[in-house]
Amino acid sequence: MPLDTSAYSLALLRVDGRRWNELRRVHAQIRTQAAADGSSYLEMGHTKVMCVVNGPSEPGPRRGTAGGGGGGGGPGGVAEVAVSVVVAGFSSVDRKRRGRGDKRTLELQTTISNALAASLHTHLYPHSTISISLHVLSQDGSLLAALINAATLACVDAGIPMTDYVVACTAGSTSTYAANDETADPLLDLNHQEEQELPSLTVATLGETDRVAVLVCESRVQASRLEGMLAVGVSGCHQVREILDQVVRDKGRHMIKEGTVEKGMGVEEMEVD
Amino acid sequence: MPREAEPSLNERQFVLKALEENLRLDGRTFDKYRALALTFGDEYGVADVTLGRTRVLAKTSAEVTVPYADRPLDGIFTITTELSPMASPAFEINRPTETEILLSRLLEKTVRRSGAMDTESLCLVAGQKCWSVRVDVHVLSHDGNLTDAACFAVVAALRHFRKPDTSMEGGVLTVYTPAEREPVPLSWLHSPFCITWCFFGDEGQMALLDATWSEEQVRVGSCTISLNRHGEICQIAKLGGTPVEAVALLQCTNVALTKAKEFSTYLDKKLAEDAKRRDKDGLMAELSAENDR
Amino acid sequence: MATENPLVLPGDEIDPSLIPTHKTKPLRLGPGLRHVPPNQILPTLAGHLIADHRKNALYVEYNGGRYIPSPSDLVIGQVTRSAADLYYVNLTPYTPNASLPHLAFEGATKKTRPQLANGALVYARISLANRHMDPELECVSTSTGKSEGLGPLTGGMVFDISLGLARRLLMARSRDVGKVAVLELLGAEGLAFETAVGRNGKVWVNSESVKTVVVVGRALKETDEKELGVEQQKKLVQKLIKEMR
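Please read these numbers as outputs of a predicted model, since none were measured by experiment.

A. Inspection of the overall build of chain C at higher detail. The helix and strand inventory of chain C stands at four helices and 15 strands. Projecting the C-alpha coordinates of chain C onto the three principal axes gives extents of approximately 55 × 50 × 35 Å. Within chain C, the fraction of its 245 residues that count as buried is 46%. Sequence separation of at least 24 residues holds for 62% of the intrachain contacts in chain C that already meet a minimum separation of 6. For chain C, the centre of its 30 positive side-chain charges and the centre of its 25 negative side-chain charges are spaced 2 Å apart.

Rendered as structure tokens:
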């Protein structure tokens with residue numbers, strides 16, 4: 001199903017009616033699983049991801065290659081961040097089973113683990129493991145970005161100290177690699193259909209800074225396009241951070257109102273309505 | 001499995017201290033590669049690449065098989081990587097380490113997914129017969145920057161490779177031996193090269209090209225950019241690690257482009273030299289003239 | 001030189017005239033040689049056969065392979081972890097650890113023993129080495145109770161060199177017998193640095209200036225890899241000094 005990009009230039013609207021710089025609806029919840037130390041549920045458009053964080057805790061028996069790597073039990077006395085990604089068979093249109101040893105999934109795990117390990121204060125928990133398990137319920141593009149965002153939220157919920165949110169988002173360009181037209185617009189937050197047809201990249205930044213933690217591009221694109229795509233991606237990440245931050249604050253406010261937590265120091269200025 | 005050897009505290013501190021003074025242990029500047037050498041084997045499709053003390057051998061082979069049911073018009077093209085205990089005792093056969101998985105994914109994305117080879121040209125009879133081209137990457141010695149060396153070896157091996165000529169007559173497929181007909185090169189579209197940057201320092205402010213193994217052990221992050229000489233990015237992989245300024249990444253891409261062009265020129269030169277060596281007595285021209293008749 | 005120290009291959013017959021004879025001392029066989037009763041000596045390694053007439057000893061000088069610990073060798077090890085009363089120290093990567101008791105340091109008691117972090121370097125002597133057993137190290141002389149230069153190494157950098165070069169550097173007359181003069185030459189050029197050579201193929205170099213350490217390291221590595229003679233080493237040193245300035 002080739003995507004008809006010719007219509008874009010007429011109304012400057014994308015297939016799902018968004019403008020070039022619009023995110024899809026991001027909906028997130030935290031503390032969804034009572035049994036876990038931290039958990040989250042995140043939707044970016046139709047991409048739906050669930051995340052459960054356990055730890056930091058003593059490392060259990062080692063499970064071969066299941067861990068995403070990261071600290072490896074902790075050289076230099078840091079916690080290991082073990083990530084496992086499970087892609088549900090019903091998550092995409094064609095029901096394809098992915099084995100445990102699927103290289104793409106392993107690469108996703110390593111990426112998330114390394115990205116979070118750089119932001120989490122793992123040195124506070126030597127000889128321990130932070131295990132993050134992610135479940136993909138539905139896929140509609142920007143999978144890696146959604147996984148990173150969900151994992152960040154769950155780590156916030158688990159109360160693991162971190163420098164800042166690691167937020168991610170995708171960016172693309174309306175030109176194919178062959179076309180060298182100067183009028184090509186960068187696009188923000190691609191869905192599955194756009195991801196198939198257009199060059200795209202995933203950016204993750206550290207909070208509202210311009211510092212890029214993850215940059216993954218898997219399609220062919222003119223090097224001159226990179227700057228535009230990266231700029232749009234980074235600004236998208238800043239928007240995502242705002243949204244995620246709001247989710248965390250709302251949940252905190254809600255919990256204070258319910259009385260599940262004491263209103264402590266530093267929360268004074270937060271208005272409770 | 002023996003654990004990967006880790007550098008001592010003294011080494012870690014010293015490498016970083018030296019980098020802060022703009023010094024590398026082997027006296028290179030930050031954006032300089034070690035000596036790159038490429039030798040082709042006697043057979044077609046064998047490339048041996050050494051980059052300093054890193055050595056990678058790539059071997060291409062082709063056979064006629066049945067195409068995948070969901071892609072009847074495409075040939076099969078696979079790249080397999082093997083990190084054996086020969087490269088480092090920390091690697092084990094049949095149990096891929098993280099390094100190996102990332103390396104094979106990177107090669108896959110750089111060479112296969114970027115459409116460097118025209119897989120449709122490998123099709124012989126739609127849905128029934130096609131060529132299966134396979135590249136085996138063997139790491140013989142590991143002293144850092146495997147990806148760049150491996151990618152260069154794969155591209156060189158594929159461009160050097162010649163597959164047997166075939167013909168279809170009345171529904172009968174004939175594969176000719178090299179004696180009957182001169183083998184033909186693969187239909188090659190563009191040559192991508194991997195350029196890996198390693199980042200050092202608390203904020204990843206120092207960027208190095210072609211890190212050695214001891215430098216790789218103290219890096220805080222890395223970014224592999226694959227480009228071809230036309231300035232097309234085929235793949236970027238900065239898989240986590242310490243966040244780096246976006247502007248710095250753009251600069252890295254620009255430098256990577258010039259390096260990719262250098263690689264491309266070097267490979268072209270080597271291929272031309274090799275063709276000349278094989279064509280010493282003008283024998284090739286004679287053979288091909290025979291084929292034309 | 002060639003006739004003096006002939007090249008031998010495993011299984012070669014050794015010319016009887018080369019075997020040193022001494023009136024009182026028994027003949028000692030060093031590494032790479034094997035006595036086959038009743039009266040035959042066979043090389044088991046390829047290398048130069050060297051006879052020491054004063055000590056009545058015969059051994060094969062070779063370069064390569066992995067370091068095999070033997071008693072009273074000086075080595076540079078890396079602490080991998082600490083147990084109740086000893087440190088586990090790695091001499092060569094991917095091999096079992098050697099053990100270094102906490103109290104095997106100069107003037108060490110339970111309270112004053114040096115605290116070594118994981119990954120720290122120590123210069124130690126092998127006190128016990130048996131086949132099929134992990135070697136034991138010490139950083140103090142058991143007879144005098146002094147450290148004699150052994151102990152933790154702080155700062156600086158370690159460089160990996162071949163076992164042959166390490167042996168040559170440790171020789172009493174390294175310039176005449178071992179044919180290595182790089183360190184002397186670099187010192188003569190006015191570079192100030194200190195070194196410690198480990199028999200396990202490691203050299204530790206420390207200096208006030210980072211540049212000096214880098215230059216010393218490069219000089220050693222290049223001498224090793226290209227097997228330079230004394231004259232070539234002189235040229236190398238001059239080249240490196242020129243680059244540095």
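B. Up close: the interface of chain B and chain C. Counting residues at the interface gives 24 residues for chain B and 23 residues for chain C. Of the roughly 1700 Å² buried between chain B and chain C, counting both surfaces, carbon and sulfur atoms make up 67%. The largest per-residue losses of area from chain B upon contact with chain C belong to N10, F14 and L25 of chain B, which jointly make up 34% of the total buried on that side. Between chain B and chain C we count one salt bridge in total. Connecting chain B to chain C are five residue pairs in polar contact (both at pLDDT 80 or more). Class assignment of the residues belonging to the side of chain B that touches chain C gives a composition of eleven nonpolar, four polar and nine charged.

C. Inspection of the domain arrangement of chain C at higher detail. Residue and element names in this part refer to chain C. Per the domain assignment, the segments of chain C are domain 1 (7-61), domain 2 (74-154) and domain 3 (159-244). One C-alpha centre belongs to domain 2, the other to domain 3; they are set 26 Å apart. Facing the nine residues of domain 2 at the interface are nine residues of domain 3. Of the roughly 740 Å² buried between domain 2 and domain 3, counting both surfaces, carbon and sulfur atoms make up 63%.

D. Focus on the side chain of T95 of chain C. All names here are of chain C. With respect to the helices and strands, the residue T95 is situated in the loop between β8 (86-90) and β9 (98-101). For T95, the side chain forms a polar contact with the main-chain oxygen of T92, separated by 2.6 Å. T95 has contacts with R66 and N90, leaving out every residue within four places of it along the chain.

E. Highlighting a negative patch on the surface. Together, D210 of chain A together with E20, E21, D202, E203 and E245 of chain B give the surface a local cluster of negative charge. Here E203 of chain B shows up in the loop between β11 (193-200) and β12 (206-209).

F. Region of interest: the packing of aromatic side chains. All names here are of chain B. Under the criterion given, the structure shown has five aromatic pairs over all chains. Centre to centre, the rings of Y33 and F263 are 5.2 Å apart; their planes meet at 75°, and the pair counts as edge-to-face. With Y33 in the loop between α1 (9-20) and β1 (36-40) and F263 in helix α5 (residues 246-278), this residue pair connects regions lying 230 residues apart in the sequence. Both residues of the pair, Y33 and F263, count as buried. Counting every residue linked through ring pairs, the aromatic cluster contains Y33, F152, F193, F263 and Y266.

G. Broad picture of the pairing of β8 of chain C. Residues and elements named next belong to chain C. Within β8, four of the five residues are buried, which leaves the element mostly enclosed by the surrounding structure. Judged from the four bridges that link them, strand β7 (residues 74-82) and β8 form a sheet pairing that is antiparallel. Its bridge partner lying in β8, S82 is registered against Y87. Counting the residues that bridge the hairpin from β7 to β8 gives three residues. Of the pairings in the sheet, the one linking β8 to β9 comprises four bridges and is antiparallel in character.

H. The arrangement of the UniProt feature "domain: Exosome complex exonuclease Rrp40 N-terminal" (unreviewed entry) in chain C in detail. The feature "domain: Exosome complex exonuclease Rrp40 N-terminal" (unreviewed entry), as given by UniProt, occupies residues 27-66 of chain C in the numbering adopted here. Split by type, residues 27-66 of chain C is 0% helix and 52% strand. Its first and last C-alpha atoms lie 27 Å apart.

I. How the structure looks around the nonpolar core. Counting 130 residues, the largest nonpolar core has I112, I132 and L134 of chain A as the members making the most contacts within it. Among residues more than four places away in sequence, those in contact with I132 of chain A are C51, V52, V53, V81, A82, V83, S84, L116, A151 and C155 of chain A.

J. Fine view of helix α3 (residues 210-226) of chain C. Residue and element names in this part refer to chain C. Between its first and last C-alpha atoms α3 spans 24 Å; for 17 residues at 1.5 Å apiece the expected length is 24 Å, and the two agree. Burial runs high along α3: 13 of the 17 residues are buried. N-capping of α3 is provided by S209, with a side-chain oxygen placed 3.3 Å from the backbone N of K211. One or two positions beyond α3, positive phi appears at E227, with a value near 50°.

K. Summary view of the side chain of D210 of chain B. Residues and elements named next belong to chain B. Along the chain, D210 falls in the loop between β12 and α4 (213-216). Looking at D210, the relative accessible area reads 0%, which means it is buried. Once you skip the residues sitting within four places of it in the chain, D210 turns out to touch R24, R28, K32, Y33, R34, L51, N145, T196 and E215.

L. Structural context of the interface of chain B and chain A. Taken together, the contact between chain B and chain A spans 36 residues of the former and 33 residues of the latter. Approximately 3000 Å² of surface area, both sides summed, lies buried where chain B meets chain A, with 57% of it carried by carbon and sulfur atoms. Taken together, chain B and chain A are joined by six salt bridges. Note that E107 of chain A is salt-bridged to K109 of chain B, the shortest N-O span being 3.1 Å. Mapped by element, the contributors of at least two residues to the side of chain B that touches chain A are α2 (98-113), β14 (232-238), β15 (244-245) and α5 of chain B. Along the lines of polarity and charge, the residues of the side of chain B that touches chain A split into 14 nonpolar, twelve polar and ten charged. In the sheet, strand β9 (residues 211-217) of chain A pairs with β15 of chain B via two bridges, with the strands oriented antiparallel. By the bridge assignment for β15 of chain B, R211 of chain A is matched with E245 of chain B.

The rules behind each value
Residues numbered from 1 in each chain as written. Chains lettered and ligands numbered in written order. Predicted model: local features only at pLDDT ≥ 70, side-chain atom pairs only at ≥ 80, totals over all residues. Heavy atoms only, no water. Helix = DSSP H or I, 4+ residues; strand = E, 2+ residues; numbered from the N terminus. Buried < 20%, exposed > 50% of the residue type's maximum accessible area, 1.4 Å probe, protein only. Contact = heavy atoms within 4.5 Å. Lys, Arg positive; Asp, Glu negative; His and termini not counted. Charge placed at Lys NZ, Arg CZ, Asp CG, Glu CD. Buried area = accessible area lost by both parts, 1.4 Å probe. Salt bridge = Lys/Arg side-chain N within 4 Å of Asp/Glu carboxyl O. Polar contact = N/O pair within 3.5 Å; in protein donor to acceptor, adjacent residues only side chain to side chain. Nonpolar A, V, L, I, M, F, W, Y, C, P; charged D, E, K, R; others polar. Domains from an automatic or database assignment. Patch = residues over 30% accessible without salt bridge, like charges linked within 9 Å, V, L, I, M, F, W, Y side chains within 5 Å. Areas by Shrake-Rupley, 256 points an atom, 1.4 Å probe, with all protein chains shown as cover. Phe/Tyr/Trp six-rings, centres within 6.5 Å; stacked < 30°, edge-to-face > 60°. Pairing = 2+ DSSP bridges. UniProt positions renumbered as here; feature names shortened; annotations may be inferred. Core = buried A, V, L, I, M, F, W, Y, C linked by side-chain atoms within 4.5 Å. Expected span 1.5 Å × (residues − 1).

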